[in-house]
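Now for the letters of each chain:
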Amino acid sequence: MLKIGDQMPEFEVVDQDGNKVSSKDLKGKKTIVYFYPKDNTPGCTAEACNLRDNHEALAAKGYNVVGVSKDSAASHRKFIEKNSLPFTLLSDTSAEMIRSFGAWGEKKMCGRTYEGILRRTFIFDENGILENIIEKVDTKNHTAQILA
């Protein structure tokens, strides 16, 4: 798990259009990297739409927003189009990036324990240094958590 003051882990994955995106591409601007379990599920849609509805406020503070899940680039493209999302979604089908950030771990649902994506948000400065981690994400009020 990353700690405050750590450098953004190196990664290379694809975005919703199949373009390669690496950690180097995110340096130079303040970046919010949020990890979520699955496109088109209620909590993930609420979180994405909250970030969409407040995108101008985040941009005014200089933030670039990037979402990450294991979904395919095609799934991300449909999720973006369906919900008019104004930010990039990264596809990490191998979960290498997800693990390097510390957003993969044990989860429990309906009495079952399994491994999966932990809903976490990491906020980096322009130099790729971690400034904040939000581990208990409020999907409907996530922007308020980020700007607090």
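Enquirer: Got a minute to help me understand the overall build of the protein in this structure?
Expert: The helix and strand tally for the protein stands at 6 helices and 9 strands. Considering only C-alpha atoms, the protein reaches an extent of 40 × 30 × 30 Å along its principal axes. Put simply, the protein has 148 residues, and 47% of those count as buried. Here the analysis covers contacts within the protein between residues at least 6 apart in sequence; of these, 61% occur between residues at least 24 apart. When the accessible surface of the protein is totalled, it reaches about 7,400 Å², and 47% of it is carbon and sulfur.

Enquirer: What is the right way to read helix α2 (residues 42-53) from this model?
Expert: Each α-helix winds once per 3.6 residues, and so residues spaced three or four apart point in a common direction. Taking 1.5 Å as the rise per residue, α2 with 12 residues should run 16 Å; its terminal C-alpha atoms sit 16 Å apart, in good agreement. The secondary structure elements touched by the buried residues of α2 are β3 (30-35), α3 (55-60), β4 (63-69), α4 (73-83), β8 (120-124) and α6 (142-147).

Enquirer: Before we go on, may I ask you to explain α4 in this structure?
Expert: Ala73, His76, Phe79, Ile80 and Asn83 are the residues of α4 that are buried. For α4, the arc enclosing every buried residue in end-on projection is 120 degrees, short of the 170-degree limit, so these residues lie on one face. Exposed residues on α4 whose side chains face more than 90 degrees from its buried face are Lys78, Glu81 and Lys82. The elements touched by buried residues of α4 are β1 (12-15), α2, β4 and β5 (88-91).

Enquirer: Before we go on, may I ask you to explain the packing of aromatic side chains in this structure?
Expert: The relation between two aromatic rings is expressed through the spacing of the ring centres and the mutual angle of the planes. Scanning all chains against the criterion turns up 8 aromatic pairs. Judged by centre distance (5.5 Å) and plane angle (70 degrees), the ring pair of phenylalanine 101 and phenylalanine 122 falls under edge-to-face. Placement of phenylalanine 101 in helix α5 (residues 96-101) and of phenylalanine 122 in strand β8 is noted, with a sequence separation of 21 residues between them. Taken as a pair, phenylalanine 101 and phenylalanine 122 share a single burial class, namely buried.

Enquirer: Help me understand the state of the cysteines, please; the structure alone is not making it clear to me.
Expert: Simply put, disulfide is the name for a covalent bond between the sulfur atoms of two cysteines. Enumeration over the complete set of coordinates arrives at 0 disulfides. There is no disulfide at cysteine 44, and the cysteine sulfur nearest it, in cysteine 49, is 11 Å away. Here cysteine 110 is not disulfide-linked; the sulfur of cysteine 44 is the nearest cysteine sulfur, at 15 Å.

Enquirer: Please explain unusual backbone geometry as it appears in this structure.
Expert: Peptide bonds are trans in most cases, and residues, glycine excluded, mostly fall at negative phi. Unusually for a residue other than glycine, asparagine 40 sits at a positive phi of about 60 degrees. Located in the positive-phi region is serine 84, a residue other than glycine, with phi close to 50 degrees. Serine 84 sits in the exposed class, given a relative accessible area of 54%.

Enquirer: Could you clarify how one ought to interpret the nonpolar core in this entry?
Expert: What tends to happen in soluble globular proteins is that the nonpolar side chains get buried as a cluster. Of all hydrophobic cores here, the largest spans 21 residues; its most connected members are Phe35, Met97, Phe101 and Phe122. Going through the elements one at a time, β3, β4, α5, β8 and β9 (130-134) are the ones with two or more residues in this core. For this core, the leading source of residues is α5, giving 3 residues. When residues no more than four places from it in sequence are discounted, the contact partners of phenylalanine 101 are Met1, Leu2, Met8, Pro9, Phe11, Val33, Phe35, Phe122 and Phe124. Of all hydrophobic cores here, the second largest spans 18 residues; its members include Cys44, Tyr63, Phe79 and Ile134.

What counts and what doesn't
- Residues numbered from 1 in each chain as written.
- Predicted model: local features only at pLDDT ≥ 70, side-chain atom pairs only at ≥ 80, totals over all residues.
- Heavy atoms only, no water.
- Helix = DSSP H or I, 4+ residues; strand = E, 2+ residues; numbered from the N terminus.
- Buried < 20%, exposed > 50% of the residue type's maximum accessible area, 1.4 Å probe, protein only.
- Contact = heavy atoms within 4.5 Å.
- Areas by Shrake-Rupley, 256 points an atom, 1.4 Å probe, with all protein chains shown as cover.
- Expected span 1.5 Å × (residues − 1).
- Arc of directions from axis to C-beta.
- Phe/Tyr/Trp six-rings, centres within 6.5 Å; stacked < 30°, edge-to-face > 60°.
- Disulfide = S-S within 2.5 Å.
- Core = buried A, V, L, I, M, F, W, Y, C linked by side-chain atoms within 4.5 Å.

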